[in-house]
Amino acid sequence: MALNKDRAKMEADIADKFTSAKAAFDRDGLVRAKKGFEAILLLQPEHTASKVYIDRINNRYASLAHESFKLGMDAYAVGDYDKARKYFEKTLTIDENHADSKAQLEKAIDMAKDAELRAREMQRLAGAADAYKAGLAAYQRNDYDVALEKFNEVSQSAHEYEEVGRHLKLTETSLAAVLFEESQVQIDNGQLDRAVEKLKRAKELQPQDEKISKAYDIASRDLVLQNQ
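All of these numbers come straight from a predicted model, not from anything done at the bench. (Residues numbered from 1 in each chain as written. Predicted model: local features only at pLDDT ≥ 70, side-chain atom pairs only at ≥ 80, totals over all residues. Heavy atoms only, no water.)

Enquirer: Can you walk me through the overall build of the chain in this structure?
Expert: The secondary structure content of the chain amounts to 11 helices and 0 strands. Ordered by position in the sequence, the α and β elements of the chain form the string α-α-α-α-α-α-α-α-α-α-α. Taken against the 2.2 N^0.38 rule, which gives 17 Å for 228 residues, the C-alpha radius of gyration of the chain at 22 Å runs more than 25% over that of a compact globule. Seen through its C-alpha atoms, the chain measures out along the principal axes to roughly 80 × 55 × 25 Å. A buried classification covers 36% of the 228 residues belonging to the chain. Taking all contacts inside the chain whose residues are at least 6 apart in sequence as the whole, residues at least 24 apart take part in 53%. Per element, the accessible surface of the chain, about 13600 Å² overall, is 50% carbon and sulfur. Side-chain charges in the chain split into 36 positive and 41 negative, and the spacing between the mean points of these groups amounts to 4 Å. (Helix = DSSP H or I, 4+ residues; strand = E, 2+ residues; numbered from the N terminus. Rg over C-alpha atoms; globule rule 2.2 N^0.38 Å. Buried < 20%, exposed > 50% of the residue type's maximum accessible area, 1.4 Å probe, protein only. Contact = heavy atoms within 4.5 Å. Areas by Shrake-Rupley, 256 points an atom, 1.4 Å probe, with all protein chains shown as cover. Lys, Arg positive; Asp, Glu negative; His and termini not counted. Charge placed at Lys NZ, Arg CZ, Asp CG, Glu CD.)

Enquirer: So what exactly am I meant to see when it comes to the layout of surface pockets here?
Expert: Space left empty within the atom packing is revealed by a probe, the size of a water molecule, rolled over the atoms. Counted as a void, the largest pocket has a volume near 1000 Å³. Lining the largest pocket are 30 residues, and of these Ala-62, Ser-63, His-66, Thr-173 and Asp-209 lie nearest its centre. Take the lining of the largest pocket: its biggest share by element is 11 residues, from helix 9 (residues 162–188). Grouping the amino acids of the lining of the largest pocket by side-chain chemistry returns 12 nonpolar, 9 polar and 9 charged. (1 Å grid on protein atoms, 1.4 Å probe; cavity = no way out; pocket = protein on both sides within 12 Å on 5 of 7 lines; lining within 4 Å. Points joined across faces, edges and corners; volume = space filled by probe spheres on them. Nonpolar A, V, L, I, M, F, W, Y, C, P; charged D, E, K, R; others polar.)

Enquirer: What exactly am I supposed to notice about the pattern of salt bridges here?
Expert: A side chain with one charge may pair with a side chain of the opposite charge, provided their charged atoms come close. All chains considered together, the criterion is met by 12 salt bridges. Asp-100 is paired through a salt bridge with Arg-166; the nearest N and O atoms lie 3.3 Å apart. With Asp-100 in helix 5 (residues 99–113) and Arg-166 in helix 9, this residue pair connects regions lying 66 residues apart in the sequence. Across the pair, exposure class does not vary: Asp-100 and Arg-166 are buried alike. (Salt bridge = Lys/Arg side-chain N within 4 Å of Asp/Glu carboxyl O.)

Enquirer: Would you take a moment to explain the side chain of Thr-91 for this structure?
Expert: Along the chain, Thr-91 turns up in helix 4 (residues 81–94). Engagement of the side chain of Thr-91 in a polar contact is seen with the backbone nitrogen of Phe-69, the distance being 3.2 Å. Here Thr-91 is in contact with Ala-65, Ser-68, Phe-69, His-98 and Ser-101, once residues within four sequence places are set aside. (Polar contact = N/O pair within 3.5 Å; in protein donor to acceptor, adjacent residues only side chain to side chain.)

Enquirer: Honestly, the confidence of the model for the chain in this entry has me stumped. Any pointers?
Expert: When pLDDT is low, close inspection of the predicted coordinates is not appropriate. The share of residues in the chain with pLDDT of 70 or more is 91%, and the mean pLDDT across the chain is 86. The spread of mean pLDDT over the elements of the chain runs between helix 6 (residues 115–125), the lowest at 67, and helix 10 (residues 192–205), the highest at 94. (pLDDT = per-residue confidence, 0-100.)

Enquirer: How should helix 7 (residues 129–140) be read in this particular structure?
Expert: The periodicity of an α-helix, 3.6 residues per turn, causes residues three or four positions apart to be oriented the same way. The end-to-end C-alpha separation of helix 7 is 16 Å, in line with the 16 Å expected for 12 residues at 1.5 Å each. Of the residues one or two after helix 7, Asn-142 is the one with positive phi, at around 65°. (Expected span 1.5 Å × (residues − 1).)

Enquirer: What's the story with the environment of Glu-181 in this structure? I'm lost.
Expert: Considering the arrangement of structural elements, one finds Glu-181 in helix 9. The exposure class of Glu-181 is partly exposed, given its relative accessible area of 49%. Linking Glu-181 and Leu-199, residues 18 residues apart in sequence, is a C-alpha distance of 9.4 Å.

Okay, structure coming up:
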């Protein structure tokens, strides 16, 4: 009897924590929501709904960090180093292990202080300036295919220029995200063949992204079953 009471009390406690954590999530209180769901998982490690929300929160954090870093790189590209610094610092408050933001923050601080360093950096890029600018313009209008082409072009001629490499990575991540979202619409519309093509390319761009890899595996399996 006592055991049943303890179990019922724990279930009630979990239910209360879940309601509170979900309410925090719904109003975008991600920090509080994550702590709440993590507290539930300490009590009940197999609590499926909490795991799902933790994944959603982590994806949201990754999206926020990506967007903040993107804005920092955009500001850096046009020479607004103070603004770039603020975005890189914001990125690191979201994801303290964001290696590209750490490196780029140091460069933005140095650039803001040293006009001679800025001149040397521009000279290094001079040979690939047109393609670089075209890549930036394409990226800013969300034309990721063209941006990818241009940044790859610059990377081949100025491979030591770190910002080009980072813009290339940003473009690959952004394009993969677009392809993933388009594939989900196509799956909903029953266009599995097109969805698999989109997911295959997204996987090639972001092979480490488990969400994309899992979606590709499932869509490929469903397509095979559909064609049998």
